[in-house]
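Reading the structure
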Amino acid sequence: MNDKQIEAFLETGKHQSFTKAAQNLYLPQPAISRYISALEQELGVTLFIRENSRHITLSDEGKLYFNFFQRYYAEFINIRKMLSHSMTSLRLGYNVGWDMSSFLPDVIEAYRKDHPNFEISLECISFRDLLQGLDDKHLDAIICTDDYMEGRSDLLRQNFTSIKRIITYSEKLPGFENIKTPADFKDYTFYMMDDPKVAELCQDIALMFKPYSFIPRFLAVPNISTVFASVENGLGVAVLDSWYEGVHHPNIHTMDLGGELKISMAWPRSTISPVVEDLYQKIYDHFNSKDK
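Fair warning: this is a prediction, and the values are worked out from it, not measured in the lab.

**Considering the environment of Q29**
Locating Q29 in the fold gives a position in helix 3 (residues 29-43). We classify Q29 as partly exposed; its relative accessible area is 33%. Once the C-alpha coordinates of Q29 and S17 are considered, the two residues, 12 residues apart in sequence, prove to be 10.0 Å apart. The residues touching Q29, leaving out its near neighbours within four places in the chain, are F18, T19 and A22.

**Notes on the packing of helix 1 (residues 3-15) against helix 3**
Helix-helix packing: each pair is described by the crossing angle between the helix axes and the interaxial distance. Direction vectors running N to C along helix 1 and helix 3 enclose 105°, while the axes themselves pass 8 Å from each other. The angle between helix 1 and helix 3 falls in the class roughly perpendicular. Between helix 1 and helix 3, the contacting residues are K4, Q5, A8, F9 and T12 on the first element and I32, Y35, I36, A38, L39 and E42 on the second. Split into classes, the residues belonging to the contact of helix 1 with helix 3 amount to seven nonpolar, two polar and two charged.

**With respect to helix 5 (residues 104-114)**
When helix 5 is considered as a whole, its buried residues turn out to be L104, V107, I108 and Y111. All buried residues of helix 5 lie within an arc of 95° about the axis, which places them on one face of the element. Lining the buried residues of helix 5 we find strand 3 (89-95), strand 4 (119-125) and helix 9 (275-288).

**Quick word on the nonpolar core**
Residues W98, I142, I143, W243, M265 and L279 are the most contacted members of the largest nonpolar core, which totals 50 residues. It is strand 10 (residues 252-268) that contributes the most residues to this core, six residues altogether. Apart from the residues within four sequence positions on either side, L279 is in contact with L90, L92, V107, Y111, I120 and M265. By size, the runner-up hydrophobic cluster in this structure holds 20 residues, among which are F18, L27, L47 and Y73.

**Some thoughts on the sheet that holds strand 3**
One open sheet accounts for six strands, arranged 4-3-5-10-6-9; its pairing is mixed. In this open sheet, the two edge strands, each paired with only one partner strand, are strand 4 and strand 9 (238-241). Recorded for the sheet is a direction-independent mean angle of 25° between the axes of neighbouring strands. Where strand 3 meets strand 4, seven bridges bridge the pair, whose relative direction is parallel. Within strand 4, the residue paired with R91 across the bridge is S121. Against the sheet, helix 6 (residues 127-135) touches strand 3, strand 4, strand 5 (141-145), strand 6 (155-170) and strand 10, its axis set at about 150° to strand 5.

**Concerning the packing of aromatic side chains**
For the structure on display, the rule yields 25 aromatic pairs. Look at F9 and F66: their rings are 6.1 Å apart centre to centre, the planes differ by 80°, and that puts the pair in the edge-to-face class. One end of the pair, F9, is in helix 1; the other, F66, is in helix 4 (residues 60-85), with 57 residues separating them in the sequence. Pair check on accessibility: F9 and F66 agree, each one buried. Between F69 and Y72, the ring centres sit 6.2 Å apart and the planes meet at 70°, which makes this aromatic pair edge-to-face. With F69 and Y72 both in helix 4 and three residues apart, this pair spans about one turn of that helix. Overall, F69 belongs to the buried group, its relative accessible area being 3%. The class for Y72 is partly exposed, based on a relative accessible area of 36%. Connected via pairs of aromatic rings, a cluster forms that spans F9, F18, F48, Y65, F66, F68, F69 and Y72. A cation sits over an aromatic face here: K197 above Y148, 5.6 Å from the ring centre.

**Description of the confidence of the model for the protein chain**
The predicted structure's coordinates, where accompanied by low pLDDT, should not be read in detail. Of the residues in the protein chain, 95% reach a pLDDT of 70 or more, and the chain-wide mean stands at 89. Highest mean pLDDT in the protein chain belongs to strand 8 (residues 217-221) (96); lowest belongs to helix 4 (77).

**What to know about the pattern of salt bridges**
Tallied over the entire structure, the rule returns nine salt bridges. Of the charged contacts in the structure, one is a salt bridge between D135 and R152, with a shortest N-O distance of 2.6 Å. One end of the pair, D135, is in helix 6; the other, R152, is in the loop between strand 5 and strand 6, and 17 residues separate them in sequence. Of the residues examined, D135 reaches a relative accessible area of 32% and is grouped as partly exposed. In this structure, D154 engages R152 in a salt bridge whose closest nitrogen and oxygen atoms are separated by 2.9 Å. Looking at D154, the relative accessible area reads 18%, which means it is buried. Among the ionic contacts, a cluster of salt bridges with common partners joins K4, D135, R152 and D154.

Procedures and definitions
- Residues numbered from 1 in each chain as written.
- Predicted model: local features only at pLDDT ≥ 70, side-chain atom pairs only at ≥ 80, totals over all residues.
- Heavy atoms only, no water.
- Helix = DSSP H or I, 4+ residues; strand = E, 2+ residues; numbered from the N terminus.
- Buried < 20%, exposed > 50% of the residue type's maximum accessible area, 1.4 Å probe, protein only.
- Contact = heavy atoms within 4.5 Å.
- Axes fitted to C-alpha atoms, helices over the stretch in contact; angles between N-to-C directions.
- Parallel < 35°, antiparallel > 145°, perpendicular 65-115°, else oblique.
- Nonpolar A, V, L, I, M, F, W, Y, C, P; charged D, E, K, R; others polar.
- Arc of directions from axis to C-beta.
- Core = buried A, V, L, I, M, F, W, Y, C linked by side-chain atoms within 4.5 Å.
- Pairing = 2+ DSSP bridges.
- Phe/Tyr/Trp six-rings, centres within 6.5 Å; stacked < 30°, edge-to-face > 60°.
- Lys NZ or Arg CZ within 6 Å of the ring centre and 35° of its normal.
- pLDDT = per-residue confidence, 0-100.
- Salt bridge = Lys/Arg side-chain N within 4 Å of Asp/Glu carboxyl O.

Below, the structure written as structure tokens:
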């Protein structure tokens, strides 16, 4: 069992409602049901008498566990609060291939001035692994595109900037000298990273090319390195965001596609320590200072 299952059980038992528990915990109702079913299976008891989808009550066993977990969870929260104030490090993740040197070193330096004994560690991994890192508590916070975190109501997501979507292509691309507008990419292959959201990303990009009267021909490849290798060698083109360090390669050219991606810092809503919010505020101030 885990703290999410226990929290879901207590909130449902308190209100005698899956719907109310889901609203209070910022989770979809099916997630609440899954947490409680998993807890029931592990404990080997039925925690709720489900008369119908709208009316549930605690079973006799459920009442015993409800009283027990109330005491346990209150103590658990108190311990977390005590530990949060002595937290000395924060693990921050962001997308592999992103160049954040224009702001992150300054942000960390400013943070260290206010928290001289505090350490920040960084991990660069794929979007999919960033979210998994939060779920596994391997990471404390992540910097990610908003679209990749849609539907994650268990995360507190705070926007701080937006970045451009650009078409990247190489001088090695056949017909390179004739490319003047996005419409000139009609006959080229568009390379994409293969991940769970690739279908949605392809749909978004296809809409961007609708004004140019064609639908891009996509090819999914394993990782960002393969995307850039394909572009650099003139095998095709790619639509990327402007933070990728590979777009600054001498032989790579870019063209603004017009769209922008919102960038946010995100962390679990269950996080109690103020250090994560302090770091977000430093990042937000860097991008939104009146002096900039």
